[in-house]
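Here is what each chain is made of, one letter per residue.
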Amino acid sequence: MKRIASVIALAVIFGATSASAQTLKTVKDRGILNCGSNGSLAGFGLPDAQGKWAGLDVDLCRAVAAAVFGDDKKAKFIPLSAKDRFTALQSGEVDLLARNTTWTSSRDTQLGLNFIGVNYYDGQGFMVRTSLKVKSALELGDASVCVQQGTTTELNLADYFRANKMKLKTVTFATSNEALKAYDTGRCDAYTTDASGLYSERLRVANAAEHIVLPEIISKEPLGPAVRHGDDQWFDVVKWTLYAMINAEELGVTSANVGDMAKSDNPDIKRLLGTEGNYGEQLGLSKDWVVNIIKTVGNYGESFERNVGTGSPLKIDRGLNKLWSKGGLQYAPPIR
Amino acid sequence: MSIDLRAGEPPASVPFYNDPKIRSIAYQVALCLVIAFLIYGAASNAIDNLKRANIASGFGFWEQTAGFDISQSMISYTNQSSYGRAFWVGLCNTLLVAAVGIVFATLIGFVVGIARLSKNWLVHKAASGYVETIRNIPLLLQLLFWYNAVLKALPDLRDSVKIPGGAFLNNRGLFMPEPIAQSGFSFVVGAIVIGIAGSIGYHLWARKRQEKTGEQAPVFLVSLGLIIGLPLAVFFAAGLPLTLDYPEAGRFNIRGGIEILPEFAALLFGLSIYTAAFIAEVVRAGIRAVSHGQTEAAYSLGLRAQPTLRLVVVPQAMRVIIPPLTSQYLNLTKNSTLAVAIGYPDLVQIFTGTVLNQTGQAVEVVAITMAVYLTISLVTSLLMNIYNSRIALVER
């Protein structure tokens, strides 16, 4: 009896872990990539009226789907609130969390996650009504601030006010929708989130012209996708998908010219597009994985401009997110 | 004859596995073992998986610095306090809204329940309309309605409504002067205690006298005088030992005084009004359960309508009312977790919201929260059961 019991127990334990340790195989067998996404942030993750998802984070998921399956439509998006996102990834509900999530040491070590890199360098800011005549976040002493729960934003806010010896009244909401709505009805003097988020949320308040974003950026918010800890192969696949998109931009490979580029003599481009070497196979993918990504999703720069840059209503300047060669921080290790 | 012969023999021996008593014990032991094994298996599996996935476990987070702010706390709390402290803040907020909600829901529920039985057509229809409308709309929608109704209806901070007596009302909440006790206020507290003790004593004396002589005493008026009049007299005699801390409008917010957040008000309204509709039905059913013969018997003894309701009908109805009323109290307490939707910092919002997310320890945090709600519910139902057994029909 005891022996049978321990055999069952072992089966339960090992049965559960083998699934989490081979995400790439699980995803391939399933035929679909489950992607934890922001369901309400324009520019990063938002379904349109036809239910088609768009955004910078959404593009990363589509790129991973393209790399794994050769088809970017095999990504399924699961909208998650800030406070539920880590549990969803930990429990295996999603294979990949691309939901404008700030990379911090405690999240990397305590939550059982691994951040694969940074797909958007951000910082936290404030939005206020112009009628308050506030020019700087340092004038916000005593103010009520609406904030979304379960974010680094919530902690930075407390830190910033304490460091500047200002009093603060926080009103915390479970989702950004509720927090923004409360701010819009006048419950709070200020609304705070990542600066990129402020630009997109400003478009959603009743009268955007009555609100301004204050100049202060009070924190570093490197936003990046995360995968479960303990599956190095899957970690590599997602990480190199992002790097491939950045490398493609640096090498001038775009969705428009990727066909012609395959004939290029440039060895870097040949390695990137799989006409030389077997770098795709080394990752457990096909030879033409980058071609599939670039053809459907485009390179990092294209994705950026389409979702948050000049091609979008947000019109965010690339700033820190320019390539390293153009004065920004986006830098990818070479494929070779 | 044969029967007599057998009576002296020992009963025919049944094999032990056919003995129903031993069998049932064996089945129960086996069931317990299976359940224990399943729990053990699930727990060790979870621990193992957490370890493998490198997810922190254990209760070490309890002492760590929380680092976030909470809009309403009854105990002192800053963003430098620990997660454990944040837990207590959330628990107090939950208990506050549940306790106040239970009081309001009971009051409204009893009034509406009795009104539904009124012979006055308008009162009767109004009460029915209230019950049917409120009972059939999901609570979450009602909470969102109250929150937005409360916020939208209230003016901005700069156009605060000034309520005579130094209070302000705006979309940041209701700000009232906070009474601060000065030296000498303890006399007033003492007078209140004496007043309550005195009126209980008077009540007992009056009952005894009524049983003996049939004479009634003005218990209500005397109690009123003792509980309110006496402390007031002492308060004036001690030279008004109470100052008020008036709220003052600052640039962004109002400082000082007591603050009632709109989130709290909306949650309280929503919970009380919703639960009151159910309590009204419980009360109506309880009163209906008392046979009409009881009322007629009371009338024939010469009792008027008011004492009949108070002395004959309600005491008997309470026996029917209390058990379902307990479930309504439990529902109200558990429904207070919908606070997450409107930003009221209750236990679920703070603990399974922010704390869970910041520490990532879902298993521990959710287990603690479930244990807390189980404890609150069991204590509530224990108290109600004690009360129920006191008013239950004692059969002779």
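Given the structure is predicted, the values throughout are model-derived calculations rather than measurements.

A. Summary view of the pairing of strand S9 (residues 143-148) of chain A. Residues and elements named next belong to chain A. Most of S9 sits out of view: 6 of its 6 residues are buried. Strand direction decides the pairing type here: S9 and strand S10 (residues 168-173), joined by 6 bridges, are parallel. Paired with valine 145 across the bridge in S10 is threonine 170. In this fold, the crossover linking S9 to S10 by way of helix H6 (residues 152-163) has right-handed handedness. The sheet contact formed by S9 and strand S11 (residues 190-194) spans 2 bridges and is parallel. Among the inter-strand pairings, valine 145 is bridged to a residue of S11, identified as alanine 190.

B. Focus on the sheet that holds strand S8 (residues 258-260) of chain B. All names here are of chain B. In spatial order, the strands read S1-S2-S3-S8; together these 4 strands make up an open sheet with antiparallel pairing. Each having just a single partner strand, strand S1 (161-163) and S8 make up the two edges of the open sheet. Geometrically, the sheet is characterised by an average inter-axis angle of 20° between neighbouring strands, direction not taken into account. Sheet topology note: the strand S2 (residues 167-170)/strand S3 (residues 173-176) ladder contains 3 bridges and is antiparallel. Within S3, the residue paired with asparagine 170 across the bridge is glycine 173.

C. Region of interest: the domain arrangement of chain A. Residues and elements named next belong to chain A. According to the domain assignment, chain A consists of domain 1 (2-121 + 223-326) and domain 2 (124-219). Contacts between the two partners involve 17 residues from domain 1, matched on the other side by 17 residues from domain 2. Around 1200 Å² of area is buried between domain 1 and domain 2 when both sides are counted, 58% of it from carbon and sulfur atoms. On the domain 1 side of the contact with domain 2, Ser40, Lys83 and Leu314 bury the most area, a combined 33% of that side's loss. Run the count over domain 1 and domain 2 and you get 3 residue pairs in polar contact (both at pLDDT 80 or more).

D. Examining the side chain of threonine 151 of chain A more closely. Relative to the elements of secondary structure, threonine 151 of chain A occurs in the loop between S9 and H6. Of the polar contacts made by the side chain of threonine 151 of chain A, one reaches the backbone oxygen of glutamine 148 of chain A; its length is 2.8 Å. Those residues in contact with threonine 151 of chain A that sit more than four places away from it in its chain are Ala82, Arg85 and Arg107 of chain A together with Asn357 and Gln358 of chain B.

E. Highlighting unusual backbone geometry. All names here are of chain A. For aspartate 142, which is not glycine, the phi dihedral falls at a positive 80°. Tracing the chain through its elements places aspartate 142 in the loop between strand S8 (124-129) and S9. Accessibility expressed as a relative area gives 10% for aspartate 142, which makes it buried. Phi is positive for lysine 315, which is not a glycine, with a value near 50°. Relative to the helices and strands, lysine 315 resides in the segment after helix H14 (300-307).

F. Fine view of the environment of threonine 185 of chain A. Position of threonine 185 of chain A among the secondary structure elements: in the loop between helix H7 (176-184) and S11. In this structure, the C-alpha to C-alpha distance between threonine 185 of chain A and phenylalanine 173 of chain A, residues 12 residues apart in sequence, is 14 Å. Leaving out residues up to four positions away in the same chain, threonine 185 of chain A has contacts with Leu151, Lys152 and Asn171 of chain B.

G. Highlighting the confidence of the model for chain A. This prediction gives chain A a mean pLDDT of 89; 94% of its residues lie at or above 70. Counting interchain partners and residues more than four positions distant, the pLDDT-below-50 stretch residues 1-20 of chain A has 16 contacts.

H. Examining the sheet that holds S10 of chain A more closely. All names here are of chain A. The strand order across the open sheet built from 5 strands is S10-S9-S11-S8-S12, with neighbouring strands paired in mixed fashion. A strand with exactly one partner marks an edge of an open sheet, and here the two such strands are S10 and strand S12 (211-213). Neighbour to neighbour, the strand axes of the sheet diverge by 30° on average, direction disregarded. Those strands touched by H6 are S8, S9, S10 and S11, and its axis lies near 80° from that of S8.

I. Local environment of the interface of chain B and chain A. Between chain B and chain A, the contact holds 49 residues from the first and 49 residues from the second. Note on chain B versus chain A: buried area summed over both sides is about 3900 Å², and carbon and sulfur give 47% of it. By the criterion of area lost to chain A, the three top residues of chain B are Arg172, Phe252 and Asn357 of chain B, representing 16% of everything that side buries. The tally of links between chain B and chain A comes to 3 salt bridges. In this structure, aspartate 189 of chain A and arginine 172 of chain B form a salt bridge, with 3.0 Å as the shortest nitrogen-oxygen distance. Counting across the chain B and chain A interface gives 13 residue pairs in polar contact (both at pLDDT 80 or more). Among the elements of the structure, helix H2 (20-52), helix H5 (139-153), strand S7 (254-255), helix H8 (262-289) and helix H11 (347-359) of chain B are those that each provide at least two residues to the side of chain B that touches chain A. When grouped by side-chain class, the residues that make up the side of chain B that touches chain A number 19 nonpolar, 19 polar and 11 charged.

Reading guide: rules and limits
- Residues numbered from 1 in each chain as written.
- Chains lettered and ligands numbered in written order.
- Predicted model: local features only at pLDDT ≥ 70, side-chain atom pairs only at ≥ 80, totals over all residues.
- Heavy atoms only, no water.
- Buried < 20%, exposed > 50% of the residue type's maximum accessible area, 1.4 Å probe, protein only.
- Helix = DSSP H or I, 4+ residues; strand = E, 2+ residues; numbered from the N terminus.
- Pairing = 2+ DSSP bridges.
- Right-handed = clockwise from strand over helix to strand, strands pointing away.
- Axes fitted to C-alpha atoms, helices over the stretch in contact; angles between N-to-C directions.
- Domains from an automatic or database assignment.
- Contact = heavy atoms within 4.5 Å.
- Buried area = accessible area lost by both parts, 1.4 Å probe.
- Polar contact = N/O pair within 3.5 Å; in protein donor to acceptor, adjacent residues only side chain to side chain.
- pLDDT = per-residue confidence, 0-100.
- Salt bridge = Lys/Arg side-chain N within 4 Å of Asp/Glu carboxyl O.
- Nonpolar A, V, L, I, M, F, W, Y, C, P; charged D, E, K, R; others polar.

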